[in-house]
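# Structural overview for review
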Amino acid sequence: MREFILRAQKAYTTEFNLDDLPNAGRIDLVCRCISNAVFLSNDLRRDTIIHVVLEGPKDPPKIISFNGNDLKDFYFDEKNIARIILKALKKGKGLKSGEEVEAHPGVKISKKSFEQLVKEKSQTQLIYLHEKGIDIREKEFKENVTFIFGDYTGIPKKTENFLDNNGAEKISISNKMLFASHCIVIVHNELDRKFLLS
Ligand SMILES: C[S@@+](CC[C@H](N)C(=O)[O-])C[C@H]1O[C@@H](n2cnc3c(N)ncnc32)[C@H](O)[C@@H]1O
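Please read these numbers as outputs of a predicted model, since none were measured by experiment.

Let us now look at the site of the ligand. Close contacts around the ligand come from 17 residues, with Leu129, Phe149, Gly150, Gly154 and Leu178 the closest. Those elements that provide at least two residues to the shell around the ligand are β6 (125–135), β7 (145–150) and α5 (180–197). Ranked by residues supplied to the shell around the ligand, first place goes to β6 with three residues. Split by residue class, the shell around the ligand holds 10 nonpolar, five polar and two charged.

As structure tokens, then:
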């Protein structure tokens, strides 16, 4: 299984305007990441889950997880994905710490912190994406791997320390600073090629 964890530090955790996603703590960026993680041109990536950790106002944190194997009635464009996020936030209203509910086929929402989620994934190979990490092409990947990355605000130093202390490895995919949503496409392609050639 390939998993991605996006830490979206400003993304809204309560209602937002579907016609103004950038002003909802960059929900537009979150939607593009989800789309790039789970969609192929004519199919879904059934071996992929993306968890988006929303930490903006007014009820943080909330984690929404999209499982490519189980998604139904799900479309790739930003507005439709934002609609599902809104639906999940509505279902997730009042969740207590650690609780999780299904919001839509293949979509779950939980009241959990980024740190809790990373600890839960410690059985998988933990990688975090950082411009200054080691080159992704020098790395061997296990079947179960989790890639962690930041939004437009990046990965705070404190989070880097937490990830280092929890055994995550720092990997770079380019010497240029890329959009979060582009990183996902590159990671998928690197892994697709590695497993195709191996
Ligand atoms: C738009 S970038 C963050 C930009 C932010 N202003 C900063 O300085 O960190 C979003 C995320 O994509 C990932 N990323 C961007 N470029 C990368 C690269 N060349 N190698 C690995 N990860 C990268 C990192 O996880 C980063 O936090």
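All right, on to the domain arrangement of the protein then. Bring the parts together and some accessible area is lost; that lost area is often taken as the interface size. Taken as a whole, the protein is organised into domain 1 (7–113) and domain 2 (116–197). For domain 1 versus domain 2, the distance between C-alpha centres works out to 20 Å. On the side of domain 2, 10 residues touch domain 1, which itself brings 15 residues to the contact. Among the elements of the structure, β1 (2–8), α1 (27–38) and β2 (48–54) are those that each provide at least two residues to the side of domain 1 that touches domain 2. Among the elements that make up the side of domain 1 that touches domain 2, the one with the highest residue count is α1 (five residues). In terms of residue class, the side of domain 1 that touches domain 2 is built from six nonpolar, four polar and five charged.

Further remarks concern α1. Between its first and last C-alpha, α1 extends 17 Å over 12 residues, near the 16 Å set by a 1.5 Å rise per residue. Taken residue by residue, α1 has Ile27, Leu29, Val30, Cys31, Arg32, Cys33, Ile34, Ser35, Asn36, Ala37 and Val38 as its buried positions.

This part takes up the pairing of β1. Among the seven residues that make up β1, seven are buried, leaving the element largely enclosed by the rest of the structure. In terms of strand pairing, β1 meets β2 through seven bridges, oriented parallel. Note on β2: the bridge partner recorded for Ala8 is Leu54. Handedness of the β1-α1-β2 crossover: right-handed. Where β1 lies against β7, six bridges are found, and the strand directions are parallel. The partner of Leu6 across the bridge, within β7, is Phe149.

Calculation criteria
Residues numbered from 1 in each chain as written. Predicted model: local features only at pLDDT ≥ 70, side-chain atom pairs only at ≥ 80, totals over all residues. Near = placed C-beta within 6 Å. Helix = DSSP H or I, 4+ residues; strand = E, 2+ residues; numbered from the N terminus. Nonpolar A, V, L, I, M, F, W, Y, C, P; charged D, E, K, R; others polar. Domains from an automatic or database assignment. Contact = placed C-beta atoms within 7 Å. Expected span 1.5 Å × (residues − 1). Buried ≥ 20, exposed ≤ 12 C-beta atoms within 10 Å, placed from the backbone. Pairing = 2+ DSSP bridges. Right-handed = clockwise from strand over helix to strand, strands pointing away.

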